[in-house]
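Survey of secondary and tertiary structure
Here's the letter readout for the chains.
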Amino acid sequence: MKRLLLGTLLALPFAISSLPSQASAAEIIVRPNGHEVAVVRKPLIARYHQKLIPAHWETVRRHGRLVKVRVPAHFVKVRV
């Protein structure tokens, strides 16, 4: 019984302070701005992945002849 009474007495100030009170007009301050909000857009950053092109043979025309040339493996940037 004592715990219940003590808990009620301790909680009573918090309960009273949490009740909504009527707001006074002095607390509300409205400042109209004469300008619009500036929207700042970041530039898009191009994103690339590297794709491996495996080694392969290509037929190339050299001095009027068709010659097979080996192209080594290399990476190519691919936009994502």
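In the block above lies the structure referred to throughout.
Residues numbered from 1 in each chain as written. Predicted model: local features only at pLDDT ≥ 70, side-chain atom pairs only at ≥ 80, totals over all residues. Heavy atoms only, no water.

The next point concerns the overall build of the protein chain. Looking only at helices and strands, one finds one helix and four strands in the protein chain. Scanning the protein chain from its N terminus toward the C terminus, one meets helices and strands in the order α-β-β-β-β. The buried share of the protein chain, taken over its 80 residues, is 1%. Accessible area of the protein chain: about 8,900 Å², with a carbon and sulfur share of 62%. (Helix = DSSP H or I, 4+ residues; strand = E, 2+ residues; numbered from the N terminus. Buried < 20%, exposed > 50% of the residue type's maximum accessible area, 1.4 Å probe, protein only. Areas by Shrake-Rupley, 256 points an atom, 1.4 Å probe, with all protein chains shown as cover.)

Across seven bridges, strand E2 (residues 56-62) lies against strand E3 (residues 65-71) in antiparallel orientation. Opposite Trp-57, over in E3, you have Arg-70 as the bridge partner. Between E2 and E3, which follow one another and run antiparallel, lie two residues, and His-63 among them has a positive phi close to 55°. (Pairing = 2+ DSSP bridges.)

Once that is clear, we can look at helix H1 (residues 2-17). With 16 residues, H1 ought to run about 22 Å at 1.5 Å a step, and its terminal C-alpha atoms sit 24 Å apart, in line with that. At Ala-11, H1 shows its strongest bend, of approximately 35°, with the proline Pro-13 following within four residues. When you tally the buried positions in H1, you get zero out of 16 residues, a small fraction of the element. (Expected span 1.5 Å × (residues − 1). Bend = angle between axes of the 7 residues up to and from the residue.)

One can find Ala-55 in the loop between strand E1 (48-53) and E2. What makes Ala-55 partly exposed here is its relative accessible area of 37%. Residues Ala-55 and Val-71, spaced 16 residues apart in sequence, show a C-alpha to C-alpha distance of 5.6 Å. When sequence neighbours within four positions are dropped, the list of residues in contact with Ala-55 reads Arg-70, Val-71, Pro-72 and Ala-73. (Contact = heavy atoms within 4.5 Å.)

Attention shifts here to unusual backbone geometry. Backbone geometry places His-63, a non-glycine residue, at a positive phi of 55°. Turning to its location among the elements, His-63 is positioned in the loop between E2 and E3. When its relative accessible area of 86% is taken as the criterion, His-63 is described as exposed.

Further remarks concern the environment of Lys-68. Assignment of secondary structure puts Lys-68 in strand E3. Measuring from C-alpha to C-alpha, the distance between Lys-68 and Trp-57 comes to 6.4 Å, with eleven residues separating the pair along the chain. Here Lys-68 is in contact with Trp-57, Glu-58 and Thr-59, once residues within four sequence places are set aside.

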